[in-house]
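Next come the chains, spelled out residue by residue.
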Amino acid sequence: MRALHVLKDTFFGLDPVQKQLLIGSAVAAGGILAYLVHKGRQIKTVPLGEGWWGAGEKPQLEDDKIYPFQVQTTDEEIRDLYERIDKTRYTDPLEDSGFQYGFNSTYLKTVVSYWRHKFDWKKQVALLNKYPHFKTKIEGLDVHFIHVRPPHRENQKVLPLMLVHGWPGSFFEFYKILPLLTQNQEGVAFEVICPSIPGYGFSEAPHKQGFDSLAAARIFLTLMERLGFSQFYLQGGDWGSLVTTNMAQMKPQNVKGLHLNMCMSTRGFKVLLSLIIGPYLPFLVGLSREDVRRMFPYMEKNVWNILKESGYMHIQATKPDTAGCGLNSSPVGLAAYLLEKFSTWTDMNNRDLEDGGLERKFSLDDLLTNVMIYWTTGSIVSSMRFYKENFKSNPDNRVDGKTPIYVPTGLAAFPAELLHCPKSWAQIRYRNICSYTFMPRGGHFAAFEEPQLVASDIAQFVRKVEKL
């Protein structure tokens, strides 16, 4: 009280000019403080930017119509494939090497024999055309997507959902999950859009340098706007997780929820502390027993395993055109390069098996259909360039690497994913995690491997967000 009296006497002892200066300073200070508080509460976003990836100069007007598209093939295309397969030269594998040196050539001959004599590409083309395909021109590129609406039912809430694939996958990864998502689940069904990332499959490849995940995100936001969706859900794994995250960072007001089956957050003191204390006192650093089981010993399960499995990434992030030249000319080389990932990334223990465990989770028809999407479109090189564009600089220093994600987020942590990200780590970037599920089985290609598990987790996440 005495201090207040002193301040009061001091204030009234000032002359009028001094009083005005003091009051003005106080008001200014209050205004600055209010602005800083307001700014701190604002959701930070990633700038949309702009781009043009077509060949040549950008025209004044761009056709924004959406056109139906069908996958097609010809006898000549199939004949050329067979001729190239028949001319393949094989190298004998080392004894008892399994998949430790890459795709085992003994089993590769089995796969190629099936491809050459039993696989029916025309039948698979008909399967691909089971769902409606479309193309539309965005930023100079023909962007391919499938658009699947649920059957009409009474008292059903239909929510738009975009699914985004990664490498070495394609939109075909989602074919088994589509009927699960479009069916009524406790009054909710999804209207699903599955685009092909430009440079993958039937989406046109960029003609200019610099096409990264931010550019893909912007294009897909334009696609959703063009389809008439002002609010929607997103789901992704691999590159799809980064692209959909970028979409949520750019236009959080349009993204009702973000569901991921892969996320990474490995920076900061919190992560370092978890690595030191986590194996002994996990509860002190926000880790569960399941986190500990999946993560430790850390050097073995994370550092060494990733070093063993990331050689492809270093090649594709530096000289994709060199490696891609051979893959684009040899269908068998392409199959070995792609299918090796469907072996190891599904379960690291598959490296010890001569057949790579490939047919434990996938049929050869499904695997070869994905390979044929790359082969017939000649898109392996452009798909590999996506690594080069995204790793031209340190991803952590990009604007999206420094911008938190505030939209409602659901994470599905599969036990055989390449890297495990605990919820406490994910919260460093994803600030509004509504759902975090330890999945009982499955690896990197979640929707392809375990469509029912993924569909159920998406549905429960969306019900939480919608408060149903």
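Only a predicted model underlies this, so the values are computations on that prediction, with no experimental measurement involved. (Residues numbered from 1 in each chain as written. Predicted model: local features only at pLDDT ≥ 70, side-chain atom pairs only at ≥ 80, totals over all residues. Heavy atoms only, no water.)

### Details of helix α20 (residues 451-466)
A rise of 1.5 Å per residue sets the reference length of α20, with its 16 residues, at 22 Å; its end C-alpha atoms lie 22 Å apart and thus fit the reference within 8%. Here α20 lies mainly inside the structure; 13 of its 16 residues are buried. One or two positions beyond α20, positive phi appears at Lys-467, with a value near 60°. (Helix = DSSP H or I, 4+ residues; strand = E, 2+ residues; numbered from the N terminus. Expected span 1.5 Å × (residues − 1). Buried < 20%, exposed > 50% of the residue type's maximum accessible area, 1.4 Å probe, protein only.)

### A word on the confidence of the model for the protein chain
Summing up the model confidence of the protein chain, the mean pLDDT is 92 and the portion of residues at 70 or higher is 91%. Low pLDDT, under 50, characterises residues 1-8; the stretch is placed with zero contacts to residues that sit more than four places away or in other chains. Throughout residues 26-41 the model reports pLDDT below 50, and contacts reaching past four residues in sequence, or to other chains, amount to zero contacts. (pLDDT = per-residue confidence, 0-100. Contact = heavy atoms within 4.5 Å.)

### Describing the pairing of strand β8 (residues 409-413)
With five of its five residues buried, β8 lies for the most part within the structure. Neither face of β8 is left uncovered, since the one carrying Thr-409, Leu-411 and Ala-413 and the one carrying Gly-410 and Ala-412 both have all their residues buried. Note: β8 against strand β9 (residues 433-438), five bridges, orientation parallel. Pairing of Gly-410 across the sheet is with Ser-435, part of β9. This β-α-β element, β8 to helix α18 (residues 423-429) to β9, shows right-handed connectivity. (Pairing = 2+ DSSP bridges. Right-handed = clockwise from strand over helix to strand, strands pointing away.)

### A few points about the pattern of salt bridges
The full count for this structure, using the stated rule, is 23 salt bridges. Between Glu-186 and Arg-463 there is a salt bridge, and its shortest N-O distance comes to 3.7 Å. In this pair, Glu-186 sits in the loop between α6 (178-181) and β5 (188-195) while Arg-463 sits in helix α20, placing the two residues 277 residues apart along the sequence. Given the relative accessible area of 65%, Glu-186 is considered exposed. A residue is classified by how much of its surface remains accessible, and Arg-463, at 18% relative accessible area, is buried. A salt bridge links Lys-392 to Glu-389; the nearest nitrogen and oxygen atoms lie 3.0 Å apart. Classification of Glu-389 by relative accessible area gives buried; the value is 14%. The network of salt bridges with common partners includes Lys-361, Arg-441, Glu-449 and Glu-450. (Salt bridge = Lys/Arg side-chain N within 4 Å of Asp/Glu carboxyl O.)

### Remarks on the UniProt feature "domain: Epoxide hydrolase N-terminal" (unreviewed entry) in the protein chain
Summarizing the sequence annotation, UniProt attributes the feature "domain: Epoxide hydrolase N-terminal" (unreviewed entry) to residues 67-174 in the numbering used throughout. Segment residues 67-174 splits into 31% helix and 23% strand. End C-alpha atoms: 22 Å apart. (UniProt positions renumbered as here; feature names shortened; annotations may be inferred.)

### A few points about the sheet that holds β5
Spatially, β1-β2-β3-β5-β4-β6-β7-β8-β9 is the arrangement adopted by the nine strands of the open sheet, whose pairing is mixed. Each having just a single partner strand, β1 (66-69) and β9 make up the two edges of the open sheet. Strand-to-strand twist of the sheet, defined as the mean angle between neighbouring strand axes without regard to direction, takes the value 25°. The pairing of strand β4 (residues 157-164) with β5 spans six bridges and is parallel. Looking at β5, one finds that Leu-159 is bridged to Phe-190. (Axes fitted to C-alpha atoms, helices over the stretch in contact; angles between N-to-C directions.)

### Things to note about the layout of surface pockets
There is about 1,200 Å³ of room inside the largest pocket. Taken together, 41 residues form the lining of the largest pocket, with Met-262, Met-264, Phe-391, Pro-395 and Leu-419 sitting closest to its centre. Taken together, the elements giving at least two residues each to the lining of the largest pocket come down to α8 (239-250), α11 (298-309), α12 (311-316), α17 (380-390) and α18. Per-element accounting of the lining of the largest pocket gives the leading share, six residues, to α11. Broken down by class, the residue content of the lining of the largest pocket amounts to 20 nonpolar, 12 polar and nine charged. By volume, the second largest pocket amounts to about 510 Å³. Lining the second largest pocket are 20 residues; nearest its centre among them are Lys-301, Asn-305, Met-348, Pro-415 and Ala-416. Secondary-structure elements contributing two or more residues to the lining of the second largest pocket are α10 (289-295) and α11. When residues of the lining of the second largest pocket are assigned to their parent elements, the largest contribution, four residues, is made by α11. (1 Å grid on protein atoms, 1.4 Å probe; cavity = no way out; pocket = protein on both sides within 12 Å on 5 of 7 lines; lining within 4 Å. Points joined across faces, edges and corners; volume = space filled by probe spheres on them. Nonpolar A, V, L, I, M, F, W, Y, C, P; charged D, E, K, R; others polar.)

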